[in-house]
Amino acid sequence: MCNENEIHATGYTDSELELKTSTKDCNSGLGPWVYWPSELYSVGRLYRKIAWYPKVLPLYFYGDHGIHSTSEFAKHEVDSKSDVHFTFNPERAIQPVKGKRKVYLIRHPWVSYRQKKKYEPLATAKGTLIFISHSSSAVEWVEKDRDGYFSELKELPGKYKPLVLCMHMHDINKKYHLQYRKYNLPIVTCGNTSSIHFVDEFYKLTTQFKYATSNATGSQLYYCIEMGMPYFLFGDTPKLLNKSDKNLPLGIYEHKNNTAKKINEIEQRLFIEKLDEVTLEQKIFAEWVLGFGSNISRYKFALIVWWQLLINLKKFTRLIAKRIVKKTLLLWRNNSG
C-alpha cells in the first residue's frame, strides 16, 4: 500500500483498491450482527465503546444508516423488530415509528471518537479529495456529463491541486474504478464499510487534504465540516436511479419530504461556495445534523443498550446456540474430510 507521502501523487493501484474493499479478511468485529445499520461504518464498534459494552455481544437496537436528510423512516427501519431506534436527525427523533417503542436522538458516535483520537486536518494537508457519489446493489447515480465534470474540476485554481478521487466500496466492487482511470487522477478508498476500522481509514485519509468536494451531498460532508475541513459542492447534481431498492420508489428518485427539501436547500446555500475555512453557520448546521442537540448522556445511552440485551436474552441464547452448532458442524466436516 502507498504511504501518506504518496497518497496525493499515486493513490492506490487497482489491486490495492480491490483488496481494501474486499470482504476477504475484513474485520467486522467479534460480536454477531443483528441489525446491520447499527454496525456498518464502524458505528457498532463505537457504540460498544460508548456503552461500556463487550465486543463479543450483539447490539439489539436499530439506528440511522449514515446521515439522513429526510425525517421519514425507510421500509427496512419500520419493519425492523427492534424496540429502539437511535437517530442523529432531530426531525426524525420526533416522528413516531410503527412497531418501535422509542426513537432517541443521539450525537453521532464518530464525533466523540474523532475528538478522542484528535483527528483533524494536518498542517501538511494539501489538495482536494473528491468524493464520488456511490451506487449500491440496487441504485445507481445518473450523471449529466461526467467528462465535463472532470474537465471543470481540473480547471480549479492551483491551491486546490492535487486532485484525488475517493471511491466507495460498492463502486470498486463493480469495477467502476477502471472507468475513472481515464481521468488520470489518483484514486483512493476508505475500504470495506463493514470493517471496524472504517472510521479510522476515513479520518486518516481526509486529514491529509485541505479541501473536500463532491457533486452531491453525503455523510462525508458533515464529518469533514465537523472537524474543520472546508467542503464545497461542485458540478451538476446527479440523479438517483432506483432499480430494485424496496425502500424507495422505482426509477428516478427525488425527495418529496418537506424536511429533506428544506435540508437540501440549506446544503445548496451553505456549501456551494469554495471557502478556505469552515464558517460558523456551516459548523452549526453540521452539528445540528450530527445530533449535537441530543440530551442523552453516555450513562443513559449505556443503560438503553444494556436493557435491550436483557430483554432479548432468549434471542441472544438462540443466536449463540446456532453459532455453536454451526461451528461444531463445520469442524466435524473438516475433520471428516
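Residues numbered from 1 in each chain as written. Predicted model: local features only at pLDDT ≥ 70, side-chain atom pairs only at ≥ 80, totals over all residues. Heavy atoms only, no water.

Draft legend 1. View of a nonpolar patch on the surface. A cluster of nonpolar side chains, namely Trp307, Leu310, Ile311 and Leu313, defines an oily patch on the protein surface of about 370 Å² accessible area. For Trp307, the position within the fold is in helix H13 (residues 298-310). Looking at Trp307, the relative accessible area reads 47%, which means it is partly exposed. (Patch = residues over 30% accessible without salt bridge, like charges linked within 9 Å, V, L, I, M, F, W, Y side chains within 5 Å. Areas by Shrake-Rupley, 256 points an atom, 1.4 Å probe, with all protein chains shown as cover. Salt bridge = Lys/Arg side-chain N within 4 Å of Asp/Glu carboxyl O. Helix = DSSP H or I, 4+ residues; strand = E, 2+ residues; numbered from the N terminus. Buried < 20%, exposed > 50% of the residue type's maximum accessible area, 1.4 Å probe, protein only.)

Draft legend 2. Summary view of a negative patch on the surface. Where like charges cluster on the molecular surface, the negative patch consists of Asp145, Glu152, Glu155 and Asp236. In this structure, Asp145 sits in the loop between strand S5 (139-142) and helix H6 (146-154). Its relative accessible area of 45% is what places Asp145 among the partly exposed residues. (Lys, Arg positive; Asp, Glu negative; His and termini not counted. Charge placed at Lys NZ, Arg CZ, Asp CG, Glu CD.)

Draft legend 3. Spatial organisation of the packing of aromatic side chains. For the coordinates displayed, the defined rule picks out 31 aromatic pairs. Between the aromatic rings of Tyr149 and Phe234, the centroid separation amounts to 6.5 Å while the plane-to-plane angle is 45°, which identifies the pairing as tilted. Note that Tyr149 is positioned in helix H6 and Phe234 in the loop between strand S9 (231-233) and strand S10 (239-242), a separation of 85 residues in sequence. Phe234 matches Tyr149 in its accessibility class, with the two residues each being buried. With a centroid separation of 6.3 Å and an interplanar angle of 50°, the aromatic rings of Tyr180 and Tyr183 are classed as tilted. No difference in accessibility class separates Tyr180 from Tyr183, as the two residues are buried. Of the aromatic side chains, those joined through ring pairs into one cluster are Tyr41, Trp110, Tyr119, Phe131, Phe198, Phe202, Tyr203, Tyr223 and Tyr231. In this structure, Arg92 is placed above the aromatic ring of Phe73, and the distance from its NZ or CZ to the ring centre is 4.3 Å. Above the face of the Phe292 ring, Arg107 is positioned so that its terminal group lies 3.9 Å from the ring centre. (Phe/Tyr/Trp six-rings, centres within 6.5 Å; stacked < 30°, edge-to-face > 60°. Lys NZ or Arg CZ within 6 Å of the ring centre and 35° of its normal.)

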